[in-house]
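Secondary and tertiary structure notes
What follows is the residue order along each chain.
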Amino acid sequence: MTRILMKGNEAIAEAAIRAGGVHYFAYPITPQSEVGEYLAKRLPEVGGVFVQAESEVAVGNMLFGAASTGKRVFTSSSSPGVSLMQEAISYMAGAQLPVVIINIMRGGPGLGGILPAQSDYFQSTKGGGHGDYRLLVLAPASVQEAVDLTMLGFHLADKYRNPVLVIGDGMIGQMMEPVEFPDKYDEPALPAKDWAITGAKGRKPLITKSLFLDPYALEQNNIVIHAKYEQMKANEIRFELYKVSAKNRMLIVSYGTMARICQTVIDDLEREGVSIGLLRPISLWPFPEMQIRTEAAKPNIERVLTVEMSMGQMVEDVDKAVQGKKPVDFFGRTGGIVPAPEEVRERILKLLDGKMAK
Amino acid sequence: MSQYEVTFAGFGGQGIMTAGQLLAYAGIHEGKQVVWIPSYGPEMRGGTAYCTVVVSDSRIGSPIINTPLGLVVFNRPSLEKFAPRVKPGGTIIVNSSLIDITSNRNDVAEILVPANDIAIKAGNVKTVNMIMLGAFVGATEVVSYNTLIELVKEKMGKKKDLLEMNLQVVDEGYHFAKSALRAKVKA
């Protein structure tokens, strides 16, 4: 393996191919258009399918159809485009179809802007579409992690027969970092796709659908998919601890690029004798709720601070995790403005001085 | 733990992004951690283009750098915009062929390189970015001279006549900055 310099968007595209995702349906949108640009060139070389749809609504339905055949299918988009796919995402969750959706987030609401944001947390983790469903949501903080999580995403989508969302703020797509691709993509064995529609030769026809007019059948379908969500909660919680120790006066919870900015602040404050730890959720759903609760409960922790590029979304889940045992504060910027380390630092020091009690 | 951050800035078309990427590649070549970030946003044609490169011995935290240690500026608007942000003790490389002012800072090392003049003399004004990159490496040694030369050969080796010109101007920029620094120390 050699380290090569790649833009996040291109690295994600290459990662998908390496994981066998060679059926791509999309509509271009800043700041992720390089994903499609790269795949337009690469997919014909590997015998894949590239379809530029007429809209993101069409993309969603193309994904539904293609995923029904059991092939590894995916799309990439940015916030407003992902909004347009929500109906199909709900349908795919209901029909238990594996698909990977990449969202390189920009500022909203509405058309918003094209600069980095993390304001699709609610949409991603609470179900942007209708009905009782969940998505597995993975949030990388570097180009290498974007590669690793994209590849893992295809595996998890197949493992649970459920859509997987990989979300990165615009910086993840735009920046270049060294990445390594495994020579061969090894993944644990998966069950046979006996549900895939492959032309009913020598077997009974199959139907892939999310429509169940019989209320008992619909309830049964919801019970089946709910059981998978419980398994995800048991098996798929991912997070990273950074400089977490018994000396910490504060616990920061932050994800994606924002978490890296917090790391810089934590390093600087450590040199000045202020001890702060970071818990970085990598899976936003399932959320590392118990882990946050445990860290927040440690005796030296005075407060918990959530830092996001939004007006405050993940902070609601952090608040729920902490269960009122410690004060939970929020700091964020929005509209495409990325909080500078200096701003985060100032907020931390004010909070620890007690000047900004909630 | 040692980390260096540098912003390259100028007009679109001056090879700003390429210069930054070459430095990032050179960092990788030396086994370091690197991040390259472009200016990204609604930009005007003819407006300012810039990118920032971080080269570090250890894991890089914030990829967003508001106060870099180094600045390589190709035009006057970039100098005016970025020079006040450079950390004290840092380095500013100024393309003095196109910039008729200086940063007015006495807490940084400022090196004036007539990069467009050198490029035109060498036979191709498009090599201005390579002269500025050479000068930056000469002034800071963020990566070694040998690594830089090797990278230029690797990334620009397809057209032999252009490669030789690029190697010559990188060398010229490097040594121009070295002797300018020596002159500063003597003064």
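Read on for a plain summary of the structure. (Residues numbered from 1 in each chain as written. Chains lettered and ligands numbered in written order. Predicted model: local features only at pLDDT ≥ 70, side-chain atom pairs only at ≥ 80, totals over all residues. Heavy atoms only, no water.)

**A closer look at the packing of helix H10 (residues 256-271) of chain A against helix H13 (residues 341-353) of chain A**
Residues and elements named next belong to chain A. For the pair H10 and H13, the least separation of the axes is 9 Å and the interaxial angle reads 60°. With respect to each other, H10 and H13 are oriented oblique. With respect to the hand of their crossing, H10 and H13 are arranged in right-handed fashion. Together, Met-258, Ile-261, Cys-262, Val-265, Asp-268 and Leu-269 of H10 and Pro-341, Val-344, Arg-345, Ile-348 and Leu-349 of H13 make up the contact between the two elements. (Axes fitted to C-alpha atoms, helices over the stretch in contact; angles between N-to-C directions. Helix = DSSP H or I, 4+ residues; strand = E, 2+ residues; numbered from the N terminus. Parallel < 35°, antiparallel > 145°, perpendicular 65-115°, else oblique. Left-handed = near helix turned anticlockwise from the far one by under 90°. Contact = heavy atoms within 4.5 Å.)

**Points about the interface of chain B and chain A**
How big an interface is tends to be reported as the loss of accessible area on association of its parts. In this complex, chain B contributes 24 residues to the contact, which on the side of chain A involves 27 residues. Taken over both partners, the interface formed by chain B and chain A buries close to 2,100 Å², and the fraction arising from carbon and sulfur atoms is 62%. When the buried surface of chain B facing chain A is broken down by residue, Tyr-40, Arg-59 and Ile-64 of chain B rank first, second and third, together holding 32% of it. Scanning the region where chain B abuts chain A turns up 1 salt bridge. Put simply, chain B and chain A have 8 residue pairs in polar contact (both at pLDDT 80 or more) between them. If you list the elements that add at least two residues to the side of chain B that touches chain A, you get helix H1 (16-29) and strand S2 (33-38) of chain B. (Buried area = accessible area lost by both parts, 1.4 Å probe. Salt bridge = Lys/Arg side-chain N within 4 Å of Asp/Glu carboxyl O. Polar contact = N/O pair within 3.5 Å; in protein donor to acceptor, adjacent residues only side chain to side chain.)

**Digging into the side chain of Asp-317 of chain A**
All names here are of chain A. Relative to the helices and strands, Asp-317 is located in helix H12 (residues 314-322). Side-chain polar atoms of Asp-317 contact the side chain of Tyr-121, separated by 2.5 Å. Those residues in contact with Asp-317 that lie beyond four places of it in its chain are Tyr-121, Lys-126 and Phe-287.

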